[in-house]
Amino acid sequence: MFRAAVRLSVSGVRSLTRTQPRCQAALTSRCYSHGKQETDEEFDARWVTYFNKSDIDAWELRKGMNTLIGYDLVPEPKILEAALKACRRLDDLATAIRILEAVKDKAGPHKEIYPYLIQELKPTLEELGISTPEDLGIDKV
């Protein structure tokens, strides 16, 4: 009885380990990224256009910023300016401050990036009446 069980289990394992091609079709193409590469200017223009939409709502604004922050880059000042203006159109100060905090976090160990962005965004921040996290004292928490 034991011998029969072992023989059946061994033959079952052999059938599982046999490599029989199930799909006979030949792989004729490879999936390479041959598509058009987006330039930096096109990338910036796409995001500025996205945030400049007149009918953007709070969800789209947050979704766009989450997507943008997810990329391996720090957004250009003109993209951040468009996002901050979208926050002002939506009267959403909290999101504007979160954008600045996210950009500071995204700059990471490169301490010269965030001050440069604030310097470039200063006229926009003053025009829109948005304070930086440092001005509000919430950067120390």
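It should be emphasised that the depicted structure is a prediction, and the values quoted were computed from it without experimental measurement. Counting restarts for each chain, with residues numbered from 1 along the sequence as it is written. Residue-level local features of this predicted model are given only where pLDDT is at least 70; pairs of side-chain atoms are given and counted only at 80 or more, and the full residue set underlies all totals for whole chains, interfaces and linings. As a rule here, side-chain values come from all non-hydrogen atoms in the structure, and water together with hydrogens is ignored.

**Student:** Help me understand the pattern of salt bridges in this model?
**Tutor:** Pairing is possible between side chains of opposite charge, provided their charged atoms come close. Whenever Lys or Arg places a side-chain nitrogen within 4 Å of a carboxyl oxygen from Asp or Glu, that contact is recorded as a salt bridge. Applying the stated criterion across every chain yields a total of 7 salt bridges. We note a salt bridge from glutamate 42 to lysine 36, for which the minimum N-O separation is 3.1 Å. Note on classification: 1.4 Å probe, protein chains only; a residue is buried when its accessible area is under 20% of the maximum for its type, exposed when over 50%, partly exposed between these limits. Lysine 36 sits in the exposed class, given a relative accessible area of 69%.

**Student:** What is the right way to read the packing of helix H3 (residues 58-70) against helix H4 (residues 77-89) from this model?
**Tutor:** Relative orientation and spacing of two packed helices are given, respectively, by the angle between their axes and the distance between those axes. Axes here mean lines fitted to C-alpha atoms, for a helix over just the part in contact, with angles spanning 0 to 180 degrees between N-to-C directions. Helix numbering and strand numbering both begin at the N terminus, where a helix is a DSSP run of H or I of at least 4 residues and a strand a DSSP run of E of at least 2. One way to put it is that H3 packs onto H4 with a least axis distance of 11 Å and a crossing angle of 155°. It follows that H3 is roughly antiparallel to H4 by the angle criterion. Classified by chirality, the crossing of H4 by H3 is left-handed. Across the interface between the two elements, Leu61, Met65 and Leu68 of H3 pack against Ile79, Leu80, Ala83, Ala86 and Cys87 of H4. Its residues assigned to classes, the contact of H3 with H4 comprises 8 nonpolar, no polar and no charged. Here the word oblique covers every angle except those under 35 degrees (roughly parallel), over 145 (roughly antiparallel) and from 65 to 115 (roughly perpendicular). Take the far helix as the reference: if the near one is turned anticlockwise from it by less than a right angle, the crossing is left-handed, and if turned clockwise, right-handed. Contact definition: two residues touch when any of their heavy atoms are within 4.5 Å. Three categories are distinguished: nonpolar for Ala, Val, Leu, Ile, Met, Phe, Trp, Tyr, Cys and Pro, charged for Asp, Glu, Lys and Arg, and polar for the others, with Gly belonging to the last.

**Student:** I tried to follow helix H5 (residues 93-107) on my own but got confused; where do I start?
**Tutor:** Turn by turn, an α-helix covers 3.6 residues, leaving residues three or four places apart pointing in a common direction. An ideal rise of 1.5 Å per residue puts 21 Å on 15 residues; H5 measures up with 22 Å between its terminal C-alpha atoms. Among the residues of H5, Thr95, Ala96, Ile97, Ile99, Leu100, Val103 and Ala107 are the ones counted as buried. The inward-facing, buried residues of H5 contact H3, H4, helix H6 (113-128) and helix H7 (133-136). The first or second residue beyond H5 is glycine 108, which carries a positive phi of 60°. A helix is expected to span 1.5 Å for every residue after the first.

**Student:** Looking at this structure, I do not really get the packing of helix H2 (residues 40-51) against H4. What am I missing?
**Tutor:** As a packed pair, H2 and H4 sit with axes 8 Å apart at the nearest point and diverge in direction by 5°. By the angle between their axes, H2 is roughly parallel relative to H4. Here Phe43, Asp44, Trp47, Val48 and Phe51 of H2 come into contact with H4, specifically with Lys78, Ile79, Ala82, Ala83, Ala86 and Arg89. In terms of residue class, the contact of H2 with H4 is made up of 8 nonpolar, no polar and 3 charged.

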